[in-house]
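Each chain, written out:
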Amino acid sequence: MVLYTSPFPNSFLSVLHSFSWGLIFPCYWFADRLVASFVPTTYEKRQRADDPCYFQALCIIITTPIYLALLVASLPFALIGFLLWSPLQSARRPYIYSRLEDKSQVNGATLLTEWKATGNGKSFCFGSANVCLLPDSLARFNNVFNTQARAREIGRRIRNGASRPQIKIYIDSPTNTSISAASFSSLVSPQVGDSTNRAVNVGIKRTSSMEYKGDNSGSNNSEDSRDAKTGGELNEGEDNNTCIVRISGEDNGHISDPEADAISGQAHISSPAEHSLEGERESPKGQIPNHKQKEGDSGSLDSYTASRESLVKVRIGDGTVDQSNINNKLLYKASVMKKTSVRKKKHMDEIFDHEISAFFPANLDFLCLQEVFDKRAAEKLKQQLHHYFEYILYDVGVYGCHGCCSFKFVNSGLLFASRYPVMDAAYHCYPNGKGTDSLASKGALFLKVQVGNTPQDQRIVGYISCTHLQALAGDTTVRCEQLDLLQDWLADFRKSTSSSSTANPEELVAFDVICGDLNFDNCSSEDKLEQQHSLFTRYKDPCRLGPGEEKSWAIGTLLDPEGLYDEEVCTPDNLQKVLESEEGRKGYVVYPTSKNHSSSQKGRKASLKGSGRRIDYMLYTEDGVYLEWKVEVEEFNFITQLAGLTDHLPVAMRLMVSTGEEDS
């Protein structure tokens, strides 16, 4: 299958489309600004309340008639442009595939090593988020604004979180499972040629935050990647920016300060990479007011200070743990704070890690985004993500009239980013959209990626599906029909793109994952039909026990828009702290609808079912995966790094594909 790198098959149609859109855009922009003037966000309302001179209100009074006059003047040109633009959409391709040719700009890609399926297995990390990048006037109905600046900031935060070092702490002592704090002011770098796997014994010190001074856009990336290659082979399944720290059970995991200082003295540390990308720093006018980060805000790319939590993954066990070579020259400090909800291994019935994290997972491999409707915002987001992800599909969907579908004014809003090469892609539009959803080409994007090769030259592939279902409440039947179509289309896509046979398998399937905003939860009584859909008999949801029953640690992913700019939740750290508390969640997470309660969650104290509306899903299956392999969830995260930028909580899942073979 050919991947489309341009929206039209020839340059003439592309130029004609650009010309027609140039005629439409002024009218579109003036209409957007005019409507946005009358839909203030709660942040702007608070600003106006604190403005004794009513300066902002005066600006609106002055600009409104100007926008209106310019809108009327641009209407004739927009009509001509629309008459040209509309028929061109029948020739438009369903997505744009972008591959970054200059790999030196992609730190994430240089860290990848080809998986040969010769070890015990390999983990793959998937992320999904609804980012609400609509035209500014429409985004304000969700209480977010300044779409263009938000797109840049969202891209920065995602790649900043994903490109940080992955630090794992293993506690070998079954009796000492508490961590007060761990200070990683330096790392021991193994000498060249030393192939022995090492662990870093770290003194336990009280620190308050984690300082990370690495950025994947720095000038030392190529040098670091070369150094990483000379430090010995890595264990299968571990990336070479993974740092593993082992705390033994002796002396309760503590060593004396002199010992810690001696260890620190052995470390080889390079200067931190400087922040030097063109266009990364916004002028004050381009900044979103609520996104000006305070000192210590972990979500800001411009701030090196990160939260005290999720840079460290803690695993408790009795046995010896495989360690990978540690070879990272980035200077940082890390800390792990003891808290009840960071590491929930106390639930002994759960076999994988789960947490509320202030960061996107380190070494994020695949990213599925929804509601990237605005084309200009999609371009800005793509530019930021390309500093970490080499392969991106965006502007997914159809426009105009297509078959039985109604006229589509905007695309599907889906965007997919990958560190691994995309082999095939297909998009289908749901034909049964209703209401305002019918104006967007909501559908499903199906992808096939290559993640490695076996020693026998068999390709190792994976399947990822990204979708966004009908949003309007009460449209249960519509969503169930869309889930039926999703399964049928996915089965057809796998059949049409598979080059394997039972007798001669040319490809080995490592995983099959579905991500997206499904717009129903597993607790609401109104969503019973969706909860019992056959999709959940084939695909597993790590967060649910069964229809209408969530696991104790699962939380809602739909935030109450009214509280987005409250000081308690406007930064990743603060939102994380609030969500860790059951009482805190009641004020800022949307809960299943009830006839006895209003839609606003603010100040709610009543007993509520579940832990909020979880409408953003990550599903996986073992059906169709290579029979000799096993797929298991390694960790599942609810992420607060986009606090103040969207009304959804991103989610991430790390899958371990176990081959059952010993390292060769």
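Residues numbered from 1 in each chain as written. Predicted model: local features only at pLDDT ≥ 70, side-chain atom pairs only at ≥ 80, totals over all residues. Heavy atoms only, no water.

(A) Region of interest: the overall build of the protein. Helix and strand counts for the protein come out as 14 helices and 21 strands. Burial analysis of the protein (664 residues in total) assigns 59% to the buried set. For the protein, contacts bridging at least 24 residues in sequence account for 80% of all contacts bridging at least 6. Approximately 27,400 Å² of the protein is accessible, and the part contributed by carbon and sulfur atoms is 54%. (Helix = DSSP H or I, 4+ residues; strand = E, 2+ residues; numbered from the N terminus. Buried < 20%, exposed > 50% of the residue type's maximum accessible area, 1.4 Å probe, protein only. Contact = heavy atoms within 4.5 Å. Areas by Shrake-Rupley, 256 points an atom, 1.4 Å probe, with all protein chains shown as cover.)

(B) The sheet that holds strand 14 (residues 443–453), seen in detail. Across the sheet, 5 strands lie side by side as 13-14-15-16-19; this open sheet has mixed pairing. Looking at the sheet topology across the chains shown, the edges are occupied by strand 13 (422–429) and strand 19 (616–620). When the angles between neighbouring strand axes are averaged without regard to direction, this sheet yields 15°. Sheet topology note: the strand 14/strand 15 (residues 459–468) ladder contains 9 bridges and is antiparallel. If you follow leucine 447 over to strand 15, its bridge partner there is isoleucine 464. The sheet strands contacting helix 10 (residues 476–497) are strand 13, strand 14, strand 15 and strand 16 (507–517), and the helix crosses strand 14 at an angle near 35°. (Pairing = 2+ DSSP bridges. Axes fitted to C-alpha atoms, helices over the stretch in contact; angles between N-to-C directions.)

(C) Structural view of a nonpolar patch on the surface. On the surface, Leu58, Ile61, Ile62, Ile66 and Leu70 cluster together into a nonpolar patch covering about 460 Å² of accessible area. Secondary-structure assignment places isoleucine 61 in helix 3 (residues 55–88). (Patch = residues over 30% accessible without salt bridge, like charges linked within 9 Å, V, L, I, M, F, W, Y side chains within 5 Å. Salt bridge = Lys/Arg side-chain N within 4 Å of Asp/Glu carboxyl O.)

(D) Up close: the sheet that holds strand 9 (residues 353–357). Spatial strand order, 1-11-12-10-2-21-20-9: 8 strands in an open sheet with mixed pairing. In the strand order of this sheet, the two ends are held by strand 1 (96–99) and strand 9, each with one partner. Adjacent strand axes in the sheet meet at a mean angle of 15° when their direction is disregarded. Examined bridge by bridge, strand 9 and strand 20 (residues 630–639) share 5 bridges and lie parallel to one another.

(E) Highlighting the pairing of strand 2 (residues 121–133). Counting buried positions along strand 2 yields 13 of 13 residues, so the element is predominantly enclosed. Across the two faces of strand 2 the burial is the same, with Gly121, Ser123, Cys125, Gly127, Ala129, Val131 and Leu133 and Lys122, Phe124, Phe126, Ser128, Asn130 and Cys132 all buried. Sheet topology note: the strand 2/strand 10 (residues 366–372) ladder contains 6 bridges and is parallel. Note that in strand 10 the partner of leucine 133 across the bridge is valine 372.

(F) Main features of unusual backbone geometry. Although it is not a glycine, asparagine 143 adopts a positive phi angle of roughly 65°. With respect to the helices and strands, asparagine 143 occurs in the loop between helix 5 (136–139) and helix 6 (147–162). Classification of asparagine 143 as buried rests on a relative accessible area of 4%.

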